[in-house]
Amino acid sequence: MPPLIELSGVTKTYFVGGGRLDVLKGIDLRIEAGEFVAIMGPSGSGKSTLMQILGLLDRPGAGAYKLLGLDVSRLSDDEGAALRSRTIGFVFQMFNLLARTSARDNVGLPMLYTGEPGRARRAAEVLREVGLGDRMDHAPNQLSGGQQQRVAIARALVNRPRLIFADEPTGNLASQQAEEILGRLIEMNRSGITVVMVTHEPDIAAYAKRIIRLKDGVIVSDEANPAPRGDHGEPAALRATTLDGVPPIRELSGEELLEHVRSALGAIRANKLRSALSMLGILIGVTAVIAMLAIGRGAQKSVETQLSGLGSNLIMLWPVSPRTAGGPRGGMGSFSRLTLEDAAMIARAHPGIARAAGEVSGSGQAVFGDKNVNTSLTGAMPEYEQMRNSSPFYGRFFTAEENDRMARVALLGPTVVASLFGEQDPVGRTISIEHIKFKVIGVLTRKGSSGFQDQDDKIIIPLKTAMKRVLGRQYLSMVDIEAVSPEDTDAVIAAVRALMRKRHRLPDYKDDDFMLRNMAEIQAALSGTSKIFSLLLGIVAAISLVVGGIGIMNIMLVSVSERTREIGLRKAIGATRRAVLIQFLIEAAAMSTCGGLMGIALGMSIAFALAAFAGWAAIVTPQSVILAFFFSAGTGVVFGFWPARKASLLSPIEALRYE
Ligand code: ADP
Ligand code: MG
């Protein structure tokens, strides 16, 4: 049967500031299963270093270490962690319990890393064994020093180790509590567990059955203690004493992930203000993106619905202020003018033209009874009904004859109807528009608002009535031209252009003093605007996610250095690098996702508020919400990676020494 521990020629050297410090200078040591050993020596003699090597927390510089016959001197970090979690328990001078975590969860922690089921039950069982059955739900700051060390002992026992290492386990305790702890260690030893205890106090070492003295890195004496203090009694039968090999390194379990999510949310809750401030960047960015996407989408949608009714063979002509190449801008008088005669000439300009209709627009006050509204006025020709897809919802459109005799008839948009008539039927009633009496002959179909402008807040009256009686205009605001078929539009535009340049007597060196656009161009211009909008939005999103991500990275770095001891402890009790990495990644992602979710909620509220109170069309699409969610979670993962990696690479001994 191989000894439990067999060291031969083990050395350890530290290189500090160019100097060389031989801490262990060739240690030969055998410890059999079931022993209770105290390692003694003055401070700085290398006791802790030796114990860390024995506990697989550190590797020897030279020499061999066999644990139950298995050579373990060159295990990787993760292999060491896997073996440690199943065979070795640690008790430290500083109890190293997780703050804000119940005794039960502290004790169960090592089982998280072995994936053993029944964590809560087993933890409760061991806590009862150490006499803390009534303190399961107490956090470390609700326990005395002695009780905390008993919790630490329970944690060391929870995975049924064969070996317990205790480094100055009573160093921080009053003597009565120290006695209690030693009693527990003796009890463990009687149950068949080998105990190796480091201490510099002879009083404490006196409890061990064998005392090894260390000085300046060499063993100076090694003798049995014939009369150890405490009730050692008869030891129980020893546990199986061979190792088949290093246990496989476990895959991460779902339960472990869940536990990390839970503890990440706990950490966020414990540092509310700090977490909230770190999330702020992500929150603001996501809010802005969600709200802006909703507004952009709403505007695009209503423009689309407006345009979709219009044929692709529609061409629009507007007057513009001309700019001569290099010369000064034309004065007021040079603003081009479109007349009814222009419209009539255009209608005959090319065989590809089906019809052309002039239009004026302005605004005015409409009054019915004691109600009045300011609304937009459109003077149109009867062709408007078909060319602009503006058939009345009910009632009728006006006729060419009514236009010619400047009849006072009007069609009202639904918004105007609602303001003036409420629930009453407006058709057949008389209203006054700019103090002139009009008969209402129809109600326009609802078109909705296009982001900033309510398309239903309008009145349509005959063109000539508008020009001569209401608005007092000589010139048209625009001319709608309909080509016979979409293929004709280019030829039609060329013909109209030539005609208009001739009629306006434009010399060749001057630019057009009008603008001609077909529907395809208008649509392209609109979608071009929305492309620029999307690009700007993307830039805003990217900047805010980077800023938010840096905020989270910063706080994660703080958190990693604050919790160095915790990380060391987790590694000592069996966490692999990957487990630590994942734990911190989850924490970063949880924080950024919380920020993202709050941003989504806030952005949606803003969009709905704009829709409800300002009448803007704002549409929150599920895609934008999903996108925002994954981008914010992803930001946490990306920016949390470096801090998390830093945590995962910490060595357990460095971390446990960290003050
Ligand atoms: P102790 O017997 O008091 O437990 P240690 O084993 O902790 O002694 O330390 C032994 C010597 O090694 C000390 O002089 C200490 O300064 C030095 N030492 C320990 N850890 C390191 C390290 N990581 N780097 C450099 N020197 C170290
Ligand atoms: Mg020490």
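This one's a predicted model, so the numbers in the text were calculated from it and none came from an experiment. (Residues numbered from 1 in each chain as written. Chains lettered and ligands numbered in written order. Predicted model: local features only at pLDDT ≥ 70, side-chain atom pairs only at ≥ 80, totals over all residues. Heavy atoms only, no water.)

Looking only at helices and strands, one finds 20 helices and 20 strands in the chain. A compact globule built from 659 residues should have a C-alpha radius of gyration of about 26 Å, whereas the chain, at 42 Å, is more than 25% larger. A total of 659 residues make up the chain; the buried ones form 50% of that total. If you take every contact in the chain between residues at least 6 apart in sequence, the share linking residues at least 24 apart comes to 76%. Total accessible area on the chain stands at roughly 30300 Å², and carbon and sulfur atoms take up 56% of it. Counting 73 positive and 64 negative side-chain charges, the chain places the averaged centre of each group 4 Å from the other. (Helix = DSSP H or I, 4+ residues; strand = E, 2+ residues; numbered from the N terminus. Rg over C-alpha atoms; globule rule 2.2 N^0.38 Å. Buried < 20%, exposed > 50% of the residue type's maximum accessible area, 1.4 Å probe, protein only. Contact = heavy atoms within 4.5 Å. Areas by Shrake-Rupley, 256 points an atom, 1.4 Å probe, with all protein chains shown as cover. Lys, Arg positive; Asp, Glu negative; His and termini not counted. Charge placed at Lys NZ, Arg CZ, Asp CG, Glu CD.)

Okay, the packing of aromatic side chains next. Evaluation of the coordinates by the stated rule reveals 6 aromatic pairs. Ring centres 4.7 Å apart and planes at 40 degrees place the aromatic pair F397 and F398 in the tilted group. No difference in accessibility class separates F397 from F398, as the two residues are buried. Measuring from ring centre to ring centre gives 5.3 Å for F629 and F630, while their planes differ by 90 degrees; the resulting arrangement is edge-to-face. On the basis of relative accessible area, F629 is assigned to the partly exposed category, the value being 28%. You can call F630 exposed: its relative accessible area is 55%. Cluster of aromatic residues (ring-pair linked, three or more members): F90, F92 and F165. (Phe/Tyr/Trp six-rings, centres within 6.5 Å; stacked < 30°, edge-to-face > 60°.)

A few words on the sheet that holds strand β10 (residues 218-224). The 6 strands lie next to each other as β6-β7-β8-β3-β9-β10, forming an open sheet whose pairing is mixed. Two strands lie at the open edges of the sheet, namely β6 (88-91) and β10, each paired on one side alone. Along the sheet, successive strands turn relative to each other by an average axial angle of 15 degrees, direction set aside. Two strands pair when backbone bridges link them, and strand β9 (residues 210-215) and β10 are joined in this way by 6 bridges, in the antiparallel orientation. Its bridge partner being in β10, K215 is matched across the sheet by V218. Contacting β6 and β7 (163-167), helix α2 (residues 77-87) runs over the sheet at an angle of about 80 degrees to β6. (Pairing = 2+ DSSP bridges. Axes fitted to C-alpha atoms, helices over the stretch in contact; angles between N-to-C directions.)

A word on the site of ligand 1. Taken together, 14 residues sit near ligand 1, with G44, G46, K47, S48 and T49 positioned nearest. Side-chain polar atom of S48 to an oxygen atom of ligand 1: 2.7 Å apart, as the coordinates give it. The contact in question runs from an oxygen atom of ligand 1 to an N or O atom on the side chain of T49, over 2.5 Å. Protein burial of ligand 1: of its 550 Å² of free accessible surface, 71% is covered by the chains. For the shell around ligand 1, the element with the most residues is helix α1 (residues 47-54), which contributes 3 residues. Class assignment for the residues of the shell around ligand 1 results in 5 nonpolar, 6 polar and 3 charged. (Near = heavy atom within 4 Å. Polar contact = N/O pair within 3.5 Å; in protein donor to acceptor, adjacent residues only side chain to side chain. Nonpolar A, V, L, I, M, F, W, Y, C, P; charged D, E, K, R; others polar.)

Sheet strands associate in pairs through backbone hydrogen bonding, adopting either a parallel or an antiparallel arrangement. With respect to topology, 4 strands assemble into an open sheet ordered β2-β1-β4-β5, the strand pairing being antiparallel. Among the strands making up the open sheet, the edge pair consists of β2 (19-31) and β5 (70-71). Pairing between strand β4 (residues 62-67) and β5: 2 bridges, direction antiparallel. Note on β5: the bridge partner recorded for L67 is L70. Strands in contact with α1 are β1 (5-16), β2 and β4; relative to β1, the strand with the most contacts, it is inclined by about 125 degrees.

Model confidence for the chain is summarised by a mean pLDDT of 88, while 95% of its residues fall at 70 or above. This model gives residues 324-334 a pLDDT under 50, and the stretch forms 6 contacts once residues within four places in sequence are excluded. (pLDDT = per-residue confidence, 0-100.)

Two elements in contact, helix α5 (residues 145-157) and helix α6 (residues 175-190), have axes separated by 9 Å at closest approach and are oriented at 15 degrees. The orientation of α5 relative to α6 falls into the category roughly parallel. The handedness of the crossing between α5 and α6 comes out as right-handed. Across the interface between the two elements, G145, G146, Q149, R150, I153 and L157 of α5 pack against Q177, E180, I181, R184 and M188 of α6. Of the residues in the contact of α5 with α6, the class split is 4 nonpolar, 4 polar and 3 charged. (Parallel < 35°, antiparallel > 145°, perpendicular 65-115°, else oblique. Left-handed = near helix turned anticlockwise from the far one by under 90°.)

As a further point, take the environment of R497. If you trace the backbone, R497 turns up in helix α15 (residues 489-503). Since its relative accessible area comes to 39%, R497 is described here as partly exposed. Expressed as a C-alpha distance, the spacing of R497 and L280, which sit 217 residues apart in the sequence, is 56 Å. If we skip the residues at most four places from it in the chain, R497 touches D512, F514 and L516.

Two elements in contact, helix α16 (residues 519-562) and helix α19 (residues 622-649), have axes separated by 9 Å at closest approach and are oriented at 30 degrees. In the packing of α16 onto α19, the handedness of the crossing is right-handed. Counted together, L545, V546, G549, I550, M553, M556, L557 and V560 of α16 and F631, T635, F639, W642, P643, K646 and A647 of α19 form the full contact between these two elements.

Regular strands place their side chains on alternate faces of the sheet. Examined bridge by bridge, strand β12 (residues 353-368) and strand β19 (residues 478-483) share 6 bridges and lie antiparallel to one another. Paired with I353 across the strands is A483, a residue of β19. Both β12 and strand β13 (residues 371-380) contribute to a ladder of 10 bridges, which runs antiparallel. Bridged to Q365 within β13 is N374. Connecting the antiparallel pair β12 and β13 is a turn made up of 2 residues, with G369 showing a positive phi of about 60 degrees. The pairing of β12 with strand β16 (residues 430-433) spans 2 bridges and is antiparallel.

One pass over the full model with this rule turns up 35 salt bridges. E255 serves as the salt-bridge partner of R119, at 2.8 Å between the closest nitrogen and oxygen. Residue R119 is located in helix α4 (residues 119-129), and its partner E255 is located in helix α8 (residues 254-270); the two are separated by 136 residues in the primary sequence. When its relative accessible area of 14% is taken as the criterion, R119 is described as buried. Residue class for E255 comes out partly exposed when judged on its relative accessible area of 42%. (Salt bridge = Lys/Arg side-chain N within 4 Å of Asp/Glu carboxyl O.)

Moving on: α6. Over its 16 residues, α6 runs 22 Å from end to end, which matches the ideal 22 Å to within 8%, given 1.5 Å per residue. The complete set of buried residues in α6 reads A178, I181, L182, R184, L185, I186, M188 and N189. Here the buried face of α6 lies against β3 (36-40), α4, α5, β7, β8 (194-198) and α7 (202-205). At the exit of α6 stands G192, carrying a positive phi of roughly 110 degrees. (Expected span 1.5 Å × (residues − 1).)

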